[in-house]
Amino acid sequence: MTIGYIQVRGGVTLRASPAREACYRVVTDQSDMSKFADGSPEHRREMLHGDVNEEIQSLEIAAQSLADFPDAPWEIRLHLARQCWDETRHARAILRRLEQLGGWKGEFPVINQEWGVVCMFDSLAGRLAVQNRLFEGGSLDVLRESVVLWGQWGDPTTAEVLDAVVADEVAHVRFANEWLERLKTEDPRALLKAIAAMSAVRAWAVALTPPGAVMEHEIPVNVEDRRDAGFPLE
Amino acid sequence: MFLNVKERGDCVATFRWIEVRLMEMLAAWVPTTPEMEVKLVFGAHVWDAAQHADALGRRTQELRLPLHHSLAPSAEYVGLLSELAATSETGRRIAGFYDCVLPGLEGSLRDYLERVDPLLDGPTVRILERIMSETARMVDESRKLREELPAVQLDDAAWLDGLRRRQASLTAAIPVLAQQAARA
């Protein structure tokens, strides 16, 4: 059973969505996602609903890489397997919190663009560079900002859940960074594939962004966790 | 007569092969299974199977084989696993994995434990005991999953019976154990 391909905004071809239950409305364009007033109850639930789907996509990407690259070094496969477990725990914990706040699975549309982008690459180095280094590296910043935001909204319980998630994500970024670093000497060709994958994603990001969409504010860099995850300090 | 070092190494390497295959099977099912709760159970058990494979792979090196050495089981058993891996219906995936393959593997591990000196092969015994305990937890979690989500209960008992019968008939799934049984 294989998952095919779809063409989306800007003529970009992505992997089609992984399987979802009928209760979900899966969209392929960011402009079809729900928008609510900042800090409103709906906005908070939509954030958590999106976080659950992000965690599930991360699980699916790690699992697909285990299935697709049987000859990868065992050490990396072991890290990917551990990541699978971590992402299931994150999804469960965030869903539990969403339900405590009155939300439910399928309450809002979901988009599986990370999966669609990452699973276009046919090398493990490319996938780890994009998913673990670029996307999960970025999520270190986003999640840390969310922890602060939920605290400001007077919800330390959700802030605590998200803080635990960020702590785990550091390890996922770190093992990818360490492996990519080793490729410099052990397999420079694979490293080139990783670099090419990251360049492709930057180009797609522009094509996939709906016209008029602007970054509402600059997300602060999570210096501590990025340093622990193996990013250079400068 | 107990299994010798060479035979034990081959068995452990075969158990490792099977755990890696189970890990890959669950991993491949994660994106293609629609039900979120099932996806999450499969994803968590990927890590269990990986840890089992890792412990067995470290043990192969202590039994005069390379680190993480793997040895394929019989072609018939490989075929059975491939067929199960190719199923797409969630109920069959769960039942085939947790009600047939895992209990079958546990039976092979028990068979092995009966054929070794627990003192001389103590490290393997500990590893297999841990695997059996965790396998029991995995099966229990699959039972709870089906209680929580009755829609993923298998509605084709004959299919599961057929799979179990086929697995039971594969006496040579672990070649070394089959050879020793034949000698006895």
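Keep in mind the model is a prediction, meaning the values are calculated, not measured.

A. Spotlight on the packing of aromatic side chains. All chains considered together, the criterion is met by 7 aromatic pairs over all chains. Geometrically, the ring pair formed by A:Trp150 and A:Trp153 is edge-to-face, given 5.1 Å between the ring centres and 80° between the ring planes. Aromatic side chains B:Phe97 and B:Tyr98 sit 4.9 Å apart centroid to centroid with 65° between the ring planes, which places their arrangement in the edge-to-face category. Among the residues examined, B:Tyr98 registers a relative accessible area of 0% and is labelled buried.

B. Structural detail: unusual backbone geometry. Residue and element names in this part refer to chain B. Backbone geometry at Arg-64 places phi at a positive 65°, although glycine is not the residue there. Relative to the helices and strands, Arg-64 resides in the loop between helix 2 (36-62) and helix 3 (75-85). The phi dihedral of His-68 falls on the positive side, at around 55°, and the residue is not glycine. Note on placement: His-68 falls in the loop between helix 2 and helix 3. A relative accessible area of 17% places His-68 in the buried class.

C. Examining the packing of helix 2 of chain B against helix 4 (residues 90-113) of chain B more closely. Residue and element names in this part refer to chain B. At a minimum axis separation of 12 Å, helix 2 and helix 4 run at an interaxial angle of 30°. As judged from the angle between their axes, helix 2 and helix 4 are roughly parallel. Helix 4 is crossed by helix 2, and the crossing has left-handed handedness. Between helix 2, through Val-38, Val-41, Phe-42 and His-45, and helix 4, the contact on the second element is made entirely by Thr-90, Arg-93, Ile-94 and Tyr-98. Of the residues in the contact of helix 2 with helix 4, the class split is 5 nonpolar, 2 polar and 1 charged.

D. Spotlight on the side chain of A:Glu46. Residues and elements named next belong to chain A. Among the structural elements, Glu-46 can be located in helix 1 (residues 41-68). Put simply, Glu-46 is tucked away with no salt bridge, and the nearest opposite charge, on Lys-35, sits 7.6 Å away. Leave out the neighbours within four places in its chain, and Glu-46 touches Met-33, Ser-34, Phe-36 and Phe-108.

E. Examining helix 2 of chain B more closely. Spanning 27 residues, helix 2 of chain B covers 40 Å between terminal C-alpha atoms, matching the ideal 39 Å at 1.5 Å per step. After helix 2 of chain B finishes, the residue B:Arg64 shows a positive phi value of roughly 65°.

F. Inspection of the interface of chain A and chain B at higher detail. Tallying the contact residues gives 29 residues for chain A and 27 residues for chain B. Taken together, both faces of the contact between chain A and chain B bury some 2,300 Å²; the carbon and sulfur share is 74%. Counting across the interface, chain A meets chain B through 3 salt bridges. Here A:Lys105 and B:Glu37 are joined by a salt bridge, their closest N and O atoms 3.0 Å apart. In this assembly, chain A and chain B are joined by 7 residue pairs in polar contact (both at pLDDT 80 or more). Those elements that place two or more of their residues in the side of chain A that touches chain B are helix 1 and helix 2 (74-100) of chain A. The element contributing the most residues to the side of chain A that touches chain B is helix 2 of chain A, with 11 residues.

G. The arrangement of the confidence of the model for chain B in detail. Mean pLDDT over chain B: 95, with 99% of residues reaching 70 or higher. The ipTM for the predicted assembly is 0.95, set against a pTM of 0.96.

The rules behind the values
- Residues numbered from 1 in each chain as written.
- Chains lettered and ligands numbered in written order.
- Predicted model: local features only at pLDDT ≥ 70, side-chain atom pairs only at ≥ 80, totals over all residues.
- Heavy atoms only, no water.
- Phe/Tyr/Trp six-rings, centres within 6.5 Å; stacked < 30°, edge-to-face > 60°.
- Buried < 20%, exposed > 50% of the residue type's maximum accessible area, 1.4 Å probe, protein only.
- Helix = DSSP H or I, 4+ residues; strand = E, 2+ residues; numbered from the N terminus.
- Axes fitted to C-alpha atoms, helices over the stretch in contact; angles between N-to-C directions.
- Parallel < 35°, antiparallel > 145°, perpendicular 65-115°, else oblique.
- Left-handed = near helix turned anticlockwise from the far one by under 90°.
- Contact = heavy atoms within 4.5 Å.
- Nonpolar A, V, L, I, M, F, W, Y, C, P; charged D, E, K, R; others polar.
- Lys, Arg positive; Asp, Glu negative; His and termini not counted.
- Salt bridge = Lys/Arg side-chain N within 4 Å of Asp/Glu carboxyl O.
- Expected span 1.5 Å × (residues − 1).
- Buried area = accessible area lost by both parts, 1.4 Å probe.
- Polar contact = N/O pair within 3.5 Å; in protein donor to acceptor, adjacent residues only side chain to side chain.
- pLDDT = per-residue confidence, 0-100.

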